[in-house]
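Architecture and fold: a report
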Amino acid sequence: MDDIVRGLITKTCELPVDPITLADDADLYAAGLTSFASVQLMLALEEEFDIEFPDQLLNRKTFATLRAISDAVALLRSGREAA
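So, here's what we can say about the structure. This structure is a prediction, so every number in the text was calculated from the model and none was measured.

As a further point, take helix α3 (residues 66-77). With 12 residues, α3 extends 16 Å from end C-alpha to end C-alpha; this agrees with the ideal 16 Å at 1.5 Å per step. Leu 66, Ile 69, Ser 70, Ala 72, Val 73, Leu 75 and Leu 76 are the residues of α3 that are buried. Just downstream of α3 lies Gly 79, where phi reads positive at about 90°.

The end-to-end C-alpha separation of helix α2 (residues 35-49) is 21 Å, in line with the 21 Å expected for 15 residues at 1.5 Å each. Those residues of α2 lying buried are Ala 37, Ser 38, Leu 41, Met 42, Ala 44, Leu 45, Glu 46 and Phe 49. Considering only its buried residues, α2 is in contact with α1 (2-13) and α3. Positive phi shows up at Asp 50, right after α2, with a value of about 55°.

So, about unusual backbone geometry. For Glu 14, which is not a glycine, the phi torsion comes out positive at approximately 50°. Here Glu 14 is to be found in the loop between α1 and α2. Of note in this structure, Asp 50 is not a glycine but carries a positive phi near 55°. The topology assignment puts Asp 50 in the loop between α2 and α3.

The next subject is the pattern of salt bridges. Across all of its chains, the model carries one salt bridge by this definition. Across the salt bridge formed by Arg 6 and Asp 24, the nearest N and O atoms sit 2.6 Å from each other. Taken as a pair, Arg 6 in helix α1 and Asp 24 in the loop between α1 and α2 lie far apart in primary sequence, 18 residues in all. Taking the relative accessible area as the measure of exposure, Arg 6 reaches 11% and is therefore buried.

Conventions adopted
- Residues numbered from 1 in each chain as written.
- Predicted model: local features only at pLDDT ≥ 70, side-chain atom pairs only at ≥ 80, totals over all residues.
- Heavy atoms only, no water.
- Helix = DSSP H or I, 4+ residues; strand = E, 2+ residues; numbered from the N terminus.
- Expected span 1.5 Å × (residues − 1).
- Buried < 20%, exposed > 50% of the residue type's maximum accessible area, 1.4 Å probe, protein only.
- Contact = heavy atoms within 4.5 Å.
- Salt bridge = Lys/Arg side-chain N within 4 Å of Asp/Glu carboxyl O.

As C-alpha cells, this is what we get:
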C-alpha cells in the first residue's frame with residue numbers, strides 16, 4: 001500500500017522532492033505539501049481505495065507523514081471508524 005500512496009503523492013501533490021526519497025515518518029508539510037494538495041491527495045486516496053475519510057480524520061495530522069496516511073487508509077479499509 002505504501003507504494004500506491006507514494007505514487008498518489010507524486011501524481012497529486014507536486015512536491016519539490018521525490019516522495020520515493022522520503023522516510024515513512026518524514027513531515028510531508030515540511031517537504032512542501034500544501035493544504036490544497038492534501039485535499040487533492042485525499043480525493044485520490046478515496047478513489048483508489050474506495051474509501052471515504054470521515055470528518056474526524058480530515059486534519060493535518062492524518063496527512064502529515066506517509067505512515068499516518070497509510071495507517072488512516074488501513075483503518076478505513078478495515079471498516080472501522082476512527083475514534
